[in-house]
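In case you want the letters, here they are:
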Amino acid sequence: MKYSYTFAQMREADRHTIEDLGVPSLTLMERAGAALRSAVLSAMQRTGAEEALIVCGGGNNGGDGYVTARLLCEAGVQVRVLSLAEKFSPDCEAVKKKYRGEVLGRIPRMRFSFIVDCVLGTGLTREAEGAPAMLIDFINSCGAYVVSADLPSGLMENGIAGAHCVRADETVAMGGLKNALLLQDGADYAGKIVVADIGIESAALGAEVWEESDVAAYFPRKKSNVHKGTFGKACLIAGSEEYSGAAFLAAGACLKSGVGYTRLCLPESIFPYAIGRLPACILQPFRSIDGETLGANCITAGMGMGVSEKLYARLVELLPEYTGVLVLDADALNTIAHYGTEILKNKTCRVIVTPHPKEFARLTGKSVGEIEKNALAEAQAFAEEYGVVVLLKGNRTIVTDGIRTAINTEGSPALAKGGSGDVLAGFLAGTCARGVPPFEACCAAAFLCGRAGVLCADEMGEYSPDAQDIIAHLPQAIVRTVQNSQA
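Since this is a predicted model, take the numbers as computed values, not measurements.

1. A short note on the pattern of salt bridges
Here is step 1 of the chain: Applying the stated criterion to the full structure yields 19 salt bridges.
Here is step 2 of the chain: Across the pair E19 and R15 runs a salt bridge, and its minimum N-O distance is 3.2 Å. Taken together, the residues E19 and R15, both in helix α1 (residues 7-20) and 4 residues apart, mark about one turn of the helix.
Here is step 3 of the chain: Taking relative accessible area as the criterion, R15 reaches 28% and is therefore assigned partly exposed.
Here is step 4 of the chain: Taken together, the shared-partner salt bridges connect E12, R15, E19 and D20 into one network.

2. Considerations on the packing of helix α9 (residues 244-255) against helix α17 (residues 420-433)
Here is step 1 of the chain: In the contact formed by α9 and α17, the axes pass within 7 Å of each other and the chain directions differ by 40°. It follows from the interaxial angle that α9 and α17 lie oblique. Handedness of the α9/α17 crossing: right-handed. Residues A246, L249, A250, A253 and C254 of α9 lie in contact with α17, whose contacting residues are D422, V423, G426, F427, A429 and G430.
Here is step 2 of the chain: Broken down by class, the residue content of the contact of α9 with α17 amounts to 8 nonpolar, 2 polar and 1 charged.

3. Details of the pairing of strand β14 (residues 261-266)
Here is step 1 of the chain: Within β14, 5 of the 6 residues are buried, which leaves it mostly tucked inside the rest of the structure.
Here is step 2 of the chain: Two elements, strand β13 (residues 233-237) and β14, share 5 bridges in a ladder whose sense is parallel. Counted as the bridge partner of K233 is Y261 from β14.
Here is step 3 of the chain: Running through α9, the crossover from β13 to the neighbouring parallel element β14 is right-handed.
Here is step 4 of the chain: Pairing geometry for β14 and strand β15 (residues 282-285), over 4 bridges, is parallel. Paired with C265 across the two strands is Q284, which belongs to β15.

4. Quick look at the sheet that holds strand β11 (residues 192-196)
What links the strands of a sheet is backbone hydrogen bonding, and the strands pair in either a parallel or an antiparallel sense.
Here is step 1 of the chain: Ordered in space as β4-β3-β2-β5-β6-β9-β11, the 7 strands form an open sheet in which the pairing is parallel. Edge positions in the sheet fall to β4 (102-104) and β11, since each has one partner strand and no second. The mean angle between the axes of side-by-side strands here comes to 25°, regardless of whether they run parallel or antiparallel.
Here is step 2 of the chain: Relative to β11, strand β9 (residues 170-174) is paired through 5 bridges, and the arrangement is parallel. Paired with A173 across the bridge in β11 is V195.

5. Topic: α17
Here is step 1 of the chain: Taking 1.5 Å of rise per residue, 14 residues should cover 20 Å, and α17 covers 20 Å from first to last C-alpha, within 8% of that figure.
Here is step 2 of the chain: Most of α17 is tucked away: 13 of the 14 residues are buried.
Here is step 3 of the chain: Backbone geometry just downstream of α17 places G435 in the positive-phi region, at approximately 105°.

6. Focus on the packing of α17 against helix α19 (residues 467-486)
Here is step 1 of the chain: Running from N to C, α17 and α19 point in directions that differ by 40°, and their axes come no closer than 9 Å. Between α17 and α19, the angle falls in the class oblique. Where α17 crosses over α19, the handedness of that crossing is right-handed. Across the interface between the two elements, S420, V423 and F427 of α17 pack against A467, I470, I471, L474 and I478 of α19.

7. Remarks on helix α18 (residues 438-460)
Here is step 1 of the chain: Helix length check: α18 (23 residues) gives 32 Å between terminal C-alpha atoms against 33 Å at 1.5 Å per residue, within 8%.
Here is step 2 of the chain: Burial of α18 is extensive: 19 of the 23 residues sit out of reach of the surface.

8. A closer look at the environment of M134
Here is step 1 of the chain: Tracing the chain through its elements places M134 in helix α5 (residues 130-141).
Here is step 2 of the chain: Along the primary structure M134 and L84 are separated by 50 residues, whereas in three dimensions their C-alpha atoms are 9.3 Å apart.

9. So, the nonpolar core
Inside soluble globular proteins, nonpolar side chains tend to come together where they are buried.
Here is step 1 of the chain: V423, F427 and L428 are the most contacted members of the largest nonpolar core, which has 59 residues in total.
Here is step 2 of the chain: Per-element tally for this core: the top contributor is α18, with 12 residues.
Here is step 3 of the chain: Setting aside its immediate chain neighbours within four residues, L428 contacts V327, I352, T354, L391, A441, C442 and A445.

10. Overview of the side chain of D329
Here is step 1 of the chain: For D329, the position within the fold is in the loop between β17 (325-328) and α13 (331-339).
Here is step 2 of the chain: With a relative accessible area of 1%, D329 lands in the buried category.
Here is step 3 of the chain: Within polar-contact distance, the side chain of D329 engages the side chain of K393 at 3.4 Å.

Cut-offs used in this document
- Residues numbered from 1 in each chain as written.
- Predicted model: local features only at pLDDT ≥ 70, side-chain atom pairs only at ≥ 80, totals over all residues.
- Heavy atoms only, no water.
- Salt bridge = Lys/Arg side-chain N within 4 Å of Asp/Glu carboxyl O.
- Helix = DSSP H or I, 4+ residues; strand = E, 2+ residues; numbered from the N terminus.
- Buried < 20%, exposed > 50% of the residue type's maximum accessible area, 1.4 Å probe, protein only.
- Axes fitted to C-alpha atoms, helices over the stretch in contact; angles between N-to-C directions.
- Parallel < 35°, antiparallel > 145°, perpendicular 65-115°, else oblique.
- Left-handed = near helix turned anticlockwise from the far one by under 90°.
- Contact = heavy atoms within 4.5 Å.
- Nonpolar A, V, L, I, M, F, W, Y, C, P; charged D, E, K, R; others polar.
- Pairing = 2+ DSSP bridges.
- Right-handed = clockwise from strand over helix to strand, strands pointing away.
- Expected span 1.5 Å × (residues − 1).
- Core = buried A, V, L, I, M, F, W, Y, C linked by side-chain atoms within 4.5 Å.
- Polar contact = N/O pair within 3.5 Å; in protein donor to acceptor, adjacent residues only side chain to side chain.

What follows is the structure, encoded as structure tokens:
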């Protein structure tokens, strides 16, 4: 498992390492420059580049660049530095004096094929402007292979790219991953991410980034002396005359999760049309919350149901009476947002909510823009206030219970289609029903549905896969994840 941090957490880690552990800041800068030098040499070898332009700001990110420039010169690489800075941090000033190579004081007319971006670091709190903005625009205009130090210059907290932001081919994250590299625009601007260990120690609880071995732990090899009851019961309450497909997608995905029983509860009006469609499901017309429903290890509700006072009444009844895991998706969330979120506080069950940004905006009363700009904090605050696990869907799905937080990095734009959320909800239902704890189930389900999307894109491209293709690739996603974790 890896961990990812906010800008503030990384600054505190720097302070802790320097002040509490006694590691000189210049030592960390030398280590960062050495790590960047190694990455640059490797990238130059791959790309066939013979010279490098290192673009430096006046802060410590620029200091990393000056160290890198000096070390590359010592290795015999042809290097030039470009800097428009007039003021320098003390450490940047110190390492700048040790660099004896060429420094360009204005933006050249010539273009370069290989550039190292060391303009701005994690101290950026607003969009780049002035000289830094000019340098960023110059870097992007060259069409060069770009390696960014720590993060692409102009990328702000939570992965929001300003109007001036470097598009990197590779980013060398010093001391640890930053959330900005993973969330929102960061996923497109950072390129390949390399984490360099330079001896920074963090006492903060960073966001978890699950890897194959973390997911595989919840899909162990089955014992032979088992039966269907061993693997739990999932109940899906879903569908309407208008959106019947959501119910079948969710149930289809649930069947691939390893759960023992999948019960699909449908409105009576569409029940006759469901008979025989998913033979492995137990079909039931949904009239009320009965003993069969309450006996499930996990109930998932909301997919394609529509917003209604009747659904709200069912949830009011279910939350304090049910003792398993309740997953609220889609129209269950929209219904709660419309009629009142306070019911989430009156519960005996463990609750997972699985909104996309628009649904989460309805739940919180905020705009989609506000949610996307600060998704991590908003999800954490909601989870803490209501005592639920939040799975906030997006290009990087966020999972949090208010204490632990995870960022899922496995996925593909192929998932950006109607029905993908229903697949995730169904697969999550089965994973929870098997006994996987809610937070861990969310992390595993998000990873594997994302992996299925990647497999679809590899086979069919990013445009053609639909939700049924995602379901079809879930078994392969599980097998590959488990196999790779054992390799």
